[in-house]
Structure formats: C-alpha cells, structure tokens
Amino acid sequence: MSASRHPSSFRDPSGFLFQRGGVLLRQINPSYSAHYDRLIESGLYEALVKRGWLVPHEEMDEPAAANVAHRVLKPERLPFVSYPYEWSFSQYRDAAKLTLDIQELALKHGMTLKDASAYNIQFLGSRPLLIDTLSFEIYRVGRPWVAYRQFCQHFLAPLALMSYRDIRLSQLMRSQIDGIPLDLADILLPRRARLRFGLLSHLFIHAKGQSKMAHSKRDAASYKVSALALNGLISSLRNAVSNLGWKMPDSEWGSYYEDTNYTAASADHKAKLVSGMLDEIEPSSVWDLGANDGRYSRLASSRGVHTVAFDIDPVVVEKNYLQARASKDPNLLALRIDLANPSPALGWDHRERSSLADRGPADAVLALALVHHLAIGNNVPLGRIAAFLARLGSNLVIEWVPKSDSQVQRLLASREDVFTEYDEGGFVRAFGENFRMKHSEPIAESERVLYWLQR
Amino acid sequence: MTRNSLAARALPPAVLVQIPATSKANAHIDPGSGSFFVQMSLVGLLYAGVAIKPYWRRTKAFLTGRRSTPEADDESSDS
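One numbering rule holds for all chains: residues counted from 1, following each sequence as written. The lettering of chains begins at A and the numbering of ligands begins at 1, in the order of writing. Given that this is a predicted model, residues contribute local features only at a pLDDT of at least 70 and side-chain atom pairs are listed and counted only at 80 or more, while totals for whole chains, interfaces and linings are drawn from all residues. Computation of side-chain values covers all heavy atoms of the structure but excludes hydrogens and water.

Asks: Break down the overall build of chain A for me, citing the residues and quoting the values.
Replies: Put simply, DSSP H or I for four residues or longer makes a helix, DSSP E for two residues or longer makes a strand, and each gets a number counted from the N terminus. When its secondary structure is counted, chain A shows 15 helices and 16 strands. Summary of the burial criterion: residues with accessible area below 20% of their type's maximum are buried, those above 50% are exposed, and those between are partly exposed, where the area comes from a 1.4 Å probe applied to protein chains only. Expressed as a percentage of the 455 residues in chain A, the buried residues total 56%. Residue contacts are defined here by distance: any two heavy atoms, one from each residue, within 4.5 Å place the two residues in contact. When contacts within chain A are restricted to residue pairs at least 6 apart in sequence, long-range pairs at least 24 apart make up 72% of them. Accessible areas in this description were obtained via Shrake-Rupley with a 1.4 Å probe; residue shielding takes into account the shown protein chains only. Per element, the accessible surface of chain A, about 18900 Å² overall, is 49% carbon and sulfur.

See the structure below:
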C-alpha cells in the first residue's frame, strides 16, 4: 500500500505525517529518536495526555513511509482542523495559555517545546490540545527558549492587536504564515499598550532588539538562561496573555434572535423540523453556516454529532465558544468564517493550510436564514450559492427566505432591487442543478420554507 | 508568591543567566539572535521587578496609609 506524505508536514526534520490506506500516520525519523524516547520515558507524554493537552497516539508496527523510521505513530484523528485566523478571541487566548502550560510541564520533565506554532494547537469541541508530538526536545541546561520569538509572533502579537486595536486584525494571520512580525505589531499597536510590562518587554523591546541584533555575528549558542529564569519568562508571558481582554461591542448579529420576525411558535417549529431532518440524515459531521450563537448547531451537537458552527461575526462566535466551553461541549466547535470570502489554501505550494472547502465535505450542511444574505447582501447568484454549498456537504438543510420577508426587505431598504431571479421558483431551479429534493416544509407562522436537499 | 518569584528573589541575576549551555539545540525554527538577546535581558529585568515590587508596595502603603499585606507583597510582578 503506497504512502502519501501530508502536504503541510515538511519543515521539521524530526518526522512527518503521511497517509496510508486512508489512515493518518506520523513517522519519527532516527534523528529524533532520543527526544521521542525521553518524551515517553520521562512521563511527559502520559502527563500531557492525561490532562488532555496532547493528542494521544498508538505506536504502530508499520513500515516507514520514507527511508528508515525510529517509530511510526497513529495519532487520534481530529474531526476538523481549524486555523488561528478562524478563532474567536477567547479561543486564541486559550490556545496561547495551553502552549505556555505545556512548556512549563515540559520543563518539569526535562524537556522543552522547540516550536510554538499556533497551527500546532487544535480544538476538540471547545477544548484546545497540541497535535504535534514532535514539538518536544530534551532541555539543555542554559539554553534559552528557542520558540520564544515564534510564541510572540503567533500568539502575543495577534492577541495584543485584537485586544488593543481591532478584533478583525486576527486576519493578519492569514497573510503572515509565520505569525505577525514584531516590528509590524510595534507600528500597529497604540502607545498605551507600552504601559503593560508584558507587552512592553515581549513585543516592543523585543521588536527593537530584533532589529538591533539583526546583523550580530554573535553565536546564538553563547546566550545562556537558567531553567529558573526560563520559568520566570514563561510566567511573564502567561501574565501578558492573561491580561489581554476583549470587550465585546454591540454587533449586528449579537441580538439577531431578539430582532427577527419569528414568533415563538415558528422558532419552535423550525427547530423541530431541523431536528427531524437531522434524525433522518443521521450525519457523522455537520457544518452550520451562519450559525449565529449556535442555537441550531446544538440540535446536532447534542445528538453526539461533531458540529462546526461558522459565523462572520466575531461577537457571536465568541459567545458561542464561551457557551460551548462553559458546558464542556465535546462536539461543538465555533469558528469565524466569512462565507463570501472563506479561508483560502495558503502557504507553500498552496497546500500548507487547506481552504474551507478542502476540509470538507461534511455529511450535512445547515444553511438557516442564510441564503438572502449571500444572494442579496453579497450579490451572489442562487446558482453559484447552490454550487458552493454542494461542495461543502452531501446533505443540505436550507431555509428559503422570500423577498417579502421583513429581513429581506431590510436588506433592500437602501438599495435598488436588481434581484429579479430571487424567488422560490428560481431557488428550486438553481438548487435542483446540484441537489435532489428530499423533503420540504413551510415553517409555521412565517413565509419561510425549510428544504432538505441531497447531492 | 509563586515558587518562581521566590526563587528568583533568592538568587542574583548573574546566577540566573550564566549557567553554561552544554550543546546546541535540535530545533528546526530560527530563534533569532535578537530574540535570544531580548530573552536574556528580560531575565534581569524580571528579577529586578520581582525584587523591587514588595518595597514599592510597602512604600505605597506607607504613603496612602493603607496596610501592606504579605499576600499583596507576594504577588508576582511581571505584568
């Protein structure tokens, strides 16, 4: 059986991910053997897995994918891979704190994180965990934290920008594949951010130090920091991260459910219809597009189905994540996505970070009260919407919202109505080119109709 | 007071930063000379912060007339 190497796994010579027969495996190269063995023998691996901080793996009796392997591991597979530019503020901060917690625990076991990439943290439901088992190396006395700069670029700088400037600056992580350069953070952050010792030292002074030392010929190995000092540094970074907050502003979508034309009866009926369709589909994965606070996503996640709840509004994504975290929902992942400009494929060879569509398809897609925002709010023709949604999922539960609906009228209030094809007949024709009709039912006390379509 | 800050207070900065390195690390990312330099410098600053903070609190308490508690003195100082 042939092995195919994972396109994003090539930077670290310690090993790489590959697939064989549809199974995701990780090869550990002989050069990393001492570090891997220490990870296991020191008890660090067990301690991390026990806390749910590291993805567990099985050691396999499999042939190597290339040359000779020290070990071949089968890591537990995650239902969905997300990226930092899709996280809410608290998600991002939790990922940063976990990285520091792991580094502190690693030092106690005589090991250290050799990288601190935000892409190494994933969310299982609302719980962050490290997915790169090869991120550890044996701690060598006196050695500074080699991943310090990466931590500041991947975590501290974006969090500071989101906190002090604008939550939308998390999108800088899309263009800056190795985190936000500290000199850029220095330019973008307001002066008052310097009043925080953690930001002053780890971002501003750090940025200046980088430019001053850029042409230094001094051997990096000559810099020495004790383990005690290293712990102090981690503690300082933790305080810097913990002190960053985000005051949620009022948003267009934050009070959406208090400002709709649904009666209580129609909202209940809609939930009942969605539940019934989910019971018939029996999906193993659901993507809820335009999920708002995740009200309907929870109809799926409460059935034990892994559900990703996407929304464009950082406020509702934050609320959804905080609610999922508080209830320890293992099946609900809230993410920020603009469907009119979804996450593209990025990085080397366009394959280091997958596009949203490449991470699918889901078994079922929910598109509730969404079609009018795409068709009228974003001028996307119904046929293009249908084709895109057909790429994302095998089953589609979609709510038709007619032009006479007050929400659509609101969208048309300040613009000319150029949407001559936006009617239910046009909707059925456009989606009929990509889907088979399974079932449709009007939502009580409304003009809306719920459709279950299948590819 | 955290164990780290206790230990940091008990040792002079020179001890914190001058334990010899034994060999090169195995990391694949570039840590950057500037980042290493900043890290080393910060260790000294953090030590100074930890050492000064209880005296600063006591001075502040004296000036404001409020009592300085041992708990307040023990808080970490790095943010």
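Now that the structure has been shown, the text picks up again.
Asks: Give a description of the sheet that holds strand E11 (residues 306–311) of chain A that names residues and reports values.
Replies: Residue and element names in this part refer to chain A. Paired strands are those between which DSSP finds at least two bridges. The strand order across the open sheet built from seven strands is E12-E11-E10-E13-E14-E16-E15, with neighbouring strands paired in mixed fashion. Every interior strand has two partners, whereas the edge strands, strand E12 (332–336) and strand E15 (436–442), have only one. Averaged over all pairs of adjacent strands, the angle between their axes in this sheet comes to 15 degrees, without regard to strand direction. Bridge count for strand E13 (residues 362–367) against strand E14 (residues 393–400) is five bridges, and the pairing is parallel. Looking across to E14, one finds that Ala-364 is bridged to Asn-395. Axis geometry follows a simple rule: fit a line to the C-alpha atoms, using only the stretch in contact for helices, then measure angles between N-to-C directions, giving values from 0 to 180 degrees.

Asks: Go over the sheet that holds strand E3 (residues 23–28) of chain A with me, naming the residues and quoting the values.
Replies: Residue and element names in this part refer to chain A. Taken together, the five strands give an open sheet; going across it, the order is E1-E2-E3-E5-E4, and neighbouring strands pair in antiparallel fashion. Edge strands, defined here as strands with exactly one partner in the open sheet, are strand E1 (3–5) and strand E4 (57–60). Across the sheet, the mean angle from the axis of one strand to that of its neighbour is 35 degrees, orientation sign disregarded. Here three bridges tie E3 to strand E5 (residues 71–75), and the two strands are oriented antiparallel to one another. Counted as the bridge partner of Gln-27 is Val-72 from E5.

Asks: Account for helix H3 (residues 89–108) of chain A, with residues named and values stated.
Replies: Under the 1.5 Å per step criterion, the end-to-end length of H3 of chain A is 29 Å for 20 residues, consistent within 8% with the ideal 28 Å. H3 of chain A sits mainly inside the fold: 17 of its 20 residues count as buried. An expected span of 1.5 Å times one less than the residue number is assigned to each helix.

Asks: Could you give an account of the packing of aromatic side chains, with specific residues and numbers?
Replies: All names here are of chain A. Each Phe, Tyr or Trp ring (for Trp, its six-membered ring) is paired with any other whose centre lies within 6.5 Å, and the angle between the two planes then decides the class: stacked below 30 degrees, edge-to-face above 60, tilted in between. Evaluation of the coordinates by the stated rule reveals 17 aromatic pairs over all chains. Seen in terms of ring centroids, Phe-80 and Phe-310 are 6.0 Å apart; in terms of plane orientation they differ by 70 degrees. Their pairing is edge-to-face. In this pair, Phe-80 is assigned in the loop between E5 and H3 and Phe-310 in strand E11, connecting sequence segments 230 residues apart. The exposure classification of Phe-80 matches that of Phe-310, with both residues buried.

Asks: Which residues make up the pairing of E11 of chain A, and what values go with them?
Replies: Along any regular strand the residues' side chains alternate between the sheet's two faces. All names here are of chain A. Buried residues dominate E11, accounting for six of its six residues. Covered by surrounding structure in E11 are His-306, Val-308 and Phe-310 together with Thr-307, Ala-309 and Asp-311, the residues of both alternating faces. One ladder, built from five bridges, connects strand E10 (residues 285–289) with E11; its direction is parallel. Pairing of Trp-287 across the sheet is with Val-308, part of E11. Bridge analysis of E11 against E12 gives five bridges, and the strand direction is parallel. Paired with Phe-310 across the bridge in E12 is Leu-335. By the criterion used throughout, a crossover qualifies as right-handed when its path from the first strand across the helix to the second strand runs clockwise, the strands pointing away from the viewer. The parallel pair E11 and E12, bridged by helix H11 (residues 314–326), forms a crossover whose chirality is right-handed.

Asks: Just give me the short version of the confidence of the model for chain B, but keep the residues and values in it.
Replies: Caution applies to low-pLDDT regions: their predicted coordinates should not be interpreted in detail. All names here are of chain B. The predictor's confidence in any single residue is recorded as pLDDT, a number from 0 to 100. Taken as a whole, chain B shows an average pLDDT of 60; of its residues, 42% reach a score of 70 or greater. Mean pLDDT per element in chain B: helix H2 (residues 13–17) is the minimum at 38, and helix H3 (residues 33–64) is the maximum at 78. Considering only residues more than four positions removed or in separate chains, one finds that residues 1–25, a stretch of pLDDT under 50, has 55 contacts. Here residues 71–79 is a poorly scored stretch, pLDDT under 50, and it has 28 contacts once near neighbours within four places are set aside; other chains count.

Asks: Account for the pattern of salt bridges, naming residues and giving values.
Replies: Residues and elements named next belong to chain A. For this document, the term salt bridge refers to a Lys or Arg side-chain nitrogen within 4 Å of an Asp or Glu carboxyl oxygen. One pass over the full model with this rule turns up 19 salt bridges over all chains. Two residues, Asp-12 and Lys-114, come together in a salt bridge whose shortest N-O distance is 2.6 Å. Here Lys-114 lies in the loop between strand E6 (111–113) and strand E7 (121–124) and Asp-12 lies in the loop between E1 and strand E2 (15–20), a separation of 102 residues in the sequence. Given the relative accessible area of 12%, Asp-12 is considered buried. Look at Lys-114 and you get buried, because its relative accessible area is 0%. Connected through shared salt-bridge partners, Lys-270, Glu-399, Asp-405 and Arg-448 make up one network.

Asks: Before we move on, could you go through helix H2 (residues 44–51) of chain A and cite the residues and values that matter?
Replies: Residue and element names in this part refer to chain A. Of all the residues in H2, the buried ones are Leu-44, Tyr-45, Ala-47 and Leu-48. Along the long axis of H2, the arc covered by the buried residues comes to 165 degrees, so they all point the same way. Turned more than 90 degrees off the buried face of H2, the exposed positions are Glu-46 and Lys-50. On its buried side, H2 packs onto helix H1 (33–41), E4, H3, E6 and strand E9 (136–138). Following H2 by one or two positions, Gly-52 has its phi on the positive side, about 75 degrees. Note that the arc is defined by the directions from the helix axis to the C-beta atoms.

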